[in-house]
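# Descriptive analysis of the structure
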Amino acid sequence: FDYAFIGDKGEISSQEQADTEEGYIKVLVVRDSVSKALFGHVVPCKGVDEHRFAVAKLTADVEWLGYSKVMLKTDNEPAILKLLQESLRELRINGLDTIMSENSPEYDPQANGNAEVGVKILKGMVRTHRSSLERELGYRVPARHPLITWLIEHAADIVNWSVKGADGVTAYHRIRSKPFTTRLLRFGEMCRFKLRP
């Protein structure tokens, strides 16, 4: 797992660049190296917040994957290491058999390639869906708007449900052993329905 930044004025690639911009959000990106499942969550801050939101989301993602043995890998940034420690503790409490951690080498954030790929995939999917939503609404949606929080989680779900790997199978199919067959609407699309007796 790693952090990504999404803003109103274009691509943000680092914390230093994000600090110069007001309207940006922090996104926790989690990617499974086996199934290629992807998760994205807007978090209030890097590391562990007072309500432990990031810890709860990360542990829920790992539990959804259904593994009994897990290795969490991240870089050596102090904030993300604190999140790693708290998540490991929470997963042990929740009863996973084997939980380990692995960190990238010092001063080499690119060594966590699986998470970096996940960040690129999620940002691309968010850009696509955000552009479609803004065209439909007729105005620009700011990054701090609650719709973007939902959009990020939805974009990660779309990757899991729809994007096929080289083997022709989606991440959802690899994890659940069945394809995702629910019919989907475009994000923000109006759906009229009528309850019938």
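Predicted, not measured: the structure shown is a model, and the values here were computed from it. (Residues numbered from 1 in each chain as written. Predicted model: local features only at pLDDT ≥ 70, side-chain atom pairs only at ≥ 80, totals over all residues. Heavy atoms only, no water.)

A few words now on the pattern of salt bridges. One pass over the structure, following the stated rule, counts 11 salt bridges. Taking the shortest distance from any N to any O, the salt bridge between Glu136 and Arg186 comes out at 2.9 Å. With Glu136 in helix α4 (residues 113-137) and Arg186 in the segment after α6 (171-176), this residue pair connects regions lying 50 residues apart in the sequence. What makes Arg186 partly exposed here is its relative accessible area of 36%. With a closest N to O distance of 2.9 Å, Arg174 and Asp167 form a salt bridge. Residue Arg174 is classed as partly exposed on the basis of its relative accessible area of 27%. (Salt bridge = Lys/Arg side-chain N within 4 Å of Asp/Glu carboxyl O. Helix = DSSP H or I, 4+ residues; strand = E, 2+ residues; numbered from the N terminus. Buried < 20%, exposed > 50% of the residue type's maximum accessible area, 1.4 Å probe, protein only.)

On to the pairing of strand β1 (residues 2-7), then. Among the 6 residues that make up β1, 6 are buried, leaving the element largely enclosed by the rest of the structure. Covered by surrounding structure in β1 are Asp2, Ala4 and Ile6 together with Tyr3, Phe5 and Gly7, the residues of both alternating faces. Relative to strand β3 (residues 24-31), β1 is paired through 6 bridges, and the arrangement is antiparallel. Paired with Phe5 across the bridge in β3 is Lys26. (Pairing = 2+ DSSP bridges.)

One pair of aromatic rings is described through two measures. These are the centre distance and the angle between the planes. With the rule as written, the count across this model stands at 5 aromatic pairs. Pairing Phe5 with Tyr24 gives two aromatic rings, centres 6.0 Å apart and planes at 65°, and the pair type is edge-to-face. You can see Phe5 sitting in strand β1 and its partner Tyr24 sitting in strand β3, a full 19 residues away along the chain. Comparing Phe5 with Tyr24 shows no difference in burial state: the two are buried. Taken together, the ring pairs in this structure connect Phe39, Trp64, Trp161, Tyr172 and Phe180 into an aromatic cluster. Its guanidinium or amino end placed over the ring of Trp64, Arg176 lies 4.3 Å from that ring's centre, counting from NZ or CZ. (Phe/Tyr/Trp six-rings, centres within 6.5 Å; stacked < 30°, edge-to-face > 60°. Lys NZ or Arg CZ within 6 Å of the ring centre and 35° of its normal.)

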